[in-house]
Amino acid sequence: MGAESGPRSTNSNNTVSTTDAEVSFHGGRMMAATINRSSWLMLIPLLIMGAAHSGSNVAAAERIRTPPVARTIRVARGARSFNRVGDANKQAATIAVLKPIQTPLGKPKPGDWLDQHPDEPGQTFQEYVRARPATPTGRRTVIYVQPLGEFSEEQREIVALSAEYLSLYFGRPVKVLETLPPATVPASARRTHPQWKVKQILSTYVLEHVLKPRLPKDAAVYIAFTATDLWPGQGWNFVFGQASFRDRVGVWSMTRNGDPAESKESFRLCLRRTLKTATHETGHMFSIKHCTAYVCNMCGSNHLAESDRLPLHLCSECHAKICWAANVEPIARFRRLAEFCREHGLERERAYFVKAANLLCA
Ligand SMILES: [Zn+2]
Ligand SMILES: [Zn+2]
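Residues numbered from 1 in each chain as written. Chains lettered and ligands numbered in written order. Predicted model: local features only at pLDDT ≥ 70, side-chain atom pairs only at ≥ 80, totals over all residues.

In this section: the overall build of the protein. Broken down by element type, the protein carries 10 helices and 12 strands. Per-residue burial over the protein gives 51% buried out of 362 residues. Sequence-distant contacts in the protein: of pairs separated by 6 or more residues, those separated by 24 or more amount to 70%. (Helix = DSSP H or I, 4+ residues; strand = E, 2+ residues; numbered from the N terminus. Buried ≥ 20, exposed ≤ 12 C-beta atoms within 10 Å, placed from the backbone. Contact = placed C-beta atoms within 7 Å.)

Ile 143, Val 145 and Val 206 are the most contacted members of the largest nonpolar core, which has 81 residues in total. Residues contacting Ile 143, with those up to four places away along its chain left out, are Leu 166, Ser 167, Phe 170, Arg 172, Val 174, Ala 220 and Val 221. (Core = buried A, V, L, I, M, F, W, Y, C linked by C-beta atoms within 7 Å.)

One open sheet holds the three strands; their spatial order is β7-β8-β10, and the pairing between them is mixed. Each edge of the open sheet carries a strand with a single partner, namely β7 (190–192) and β10 (229–231). For this sheet, the mean angle separating the axes of adjacent strands, direction not counted, is 40°. Across the sheet, helix α5 (residues 203–211) touches β8 (199–202) and β10, and the angle it forms with β8 is around 40°. (Pairing = 2+ DSSP bridges. Axes fitted to C-alpha atoms, helices over the stretch in contact; angles between N-to-C directions.)

Bringing the packing of helix α4 (residues 153–170) against helix α9 (residues 330–343) into the picture now. Contact geometry of α4 with α9 gives a least axis separation of 8 Å together with a crossing angle of 160°. Compared by their axis directions, α4 and α9 come out roughly antiparallel. Once α4 is placed against α9, the crossing between them reads as left-handed. Facing Glu 164, Tyr 165, Leu 168 and Tyr 169 of α4, the residues of α9 in contact are Arg 336, Leu 337 and Phe 340. Grouping the amino acids of the contact of α4 with α9 by side-chain chemistry returns five nonpolar, no polar and two charged. (Parallel < 35°, antiparallel > 145°, perpendicular 65-115°, else oblique. Left-handed = near helix turned anticlockwise from the far one by under 90°. Nonpolar A, V, L, I, M, F, W, Y, C, P; charged D, E, K, R; others polar.)

A separate point is helix α8 (residues 316–326). By the criterion of burial, α8 is predominantly enclosed, with 11 of the 11 residues buried. Inspection of α8 places Ser 316, Glu 317, Cys 318, His 319, Ala 320, Lys 321, Ile 322, Cys 323, Trp 324, Ala 325 and Ala 326 among the buried residues, and these make up the whole buried set. Those residues of α8 that are buried are in contact with α1 (88–98), α3 (125–130), α4 and α9.

The quantities given are spatial measurements derived from coordinates; they are silent on function.
Dropping the structure here:
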């Protein structure tokens, strides 16, 4: 099943019609586009692609050598195994404990995700467990990060920090591969946006021809980070990113997260936004649907102001999904995330993680 149960249609600015393909997208600034039933797109803020991508759309990719590993981030595994999911009852018990610090998601403002997508079904922890989700267990347990193209020094640092955060967040090793050069994406998969004059690369090309043929055998997910803007094909202005849950590949662009070189504050903002996208989208790749219950990083977001309002942390239901799927210990996880946020000046985020860890300890 698809990672998101998407809208069957959206407003006139953003037309997405789906039938068997579960498609949804965030980001309201695209021009009219129609994704038909054979579409396999999963765009995130963007579309997430679900189930039904037809094999006939996609040429069988030839295997290409995976780039060498530049850096490995290991995790303290302790006695826990990556071979199985966690104890569902134990994780379910954390939901009630954390509930007092959850903020219910109020009525959406005009133009917000739930205003535009009122049919989102939401997903409780129990529904998630019953849905037999994709989990980072068994043979595929490593998160691969693939830098693609050119980055400023600060952007490169944000990619490195995001890789570290993903490892703490999912309790999985992360391997950052050597950067693929800009020429990996040929001129035929590039354009300059006709009005904005912004250089863009075709996100579908990255998924199909850059990532899929290089997918490592032990990859839970294989994610490209790029500093170039993305567009997913004819009829679209841009996407923040795109991923295929089924193929375990995704690409996100940092270009709309602000220039981290401007100031310390702009660095933190770019870092916060990149962490939010990276964890939200990777959450989808592990079959987590949009949250409709609480203010949570798994809520859908239709525009940058809305995603800036949402927190980096998950609500108690979505938090239980991650801890169960990855078989990680919640208190230790919160403490590791708090320490990361302390080191990088994300004070609000640190305070939440500390409060959550303390509640679970009490
Ligand atoms: Zn989403
Ligand atoms: Zn949630």
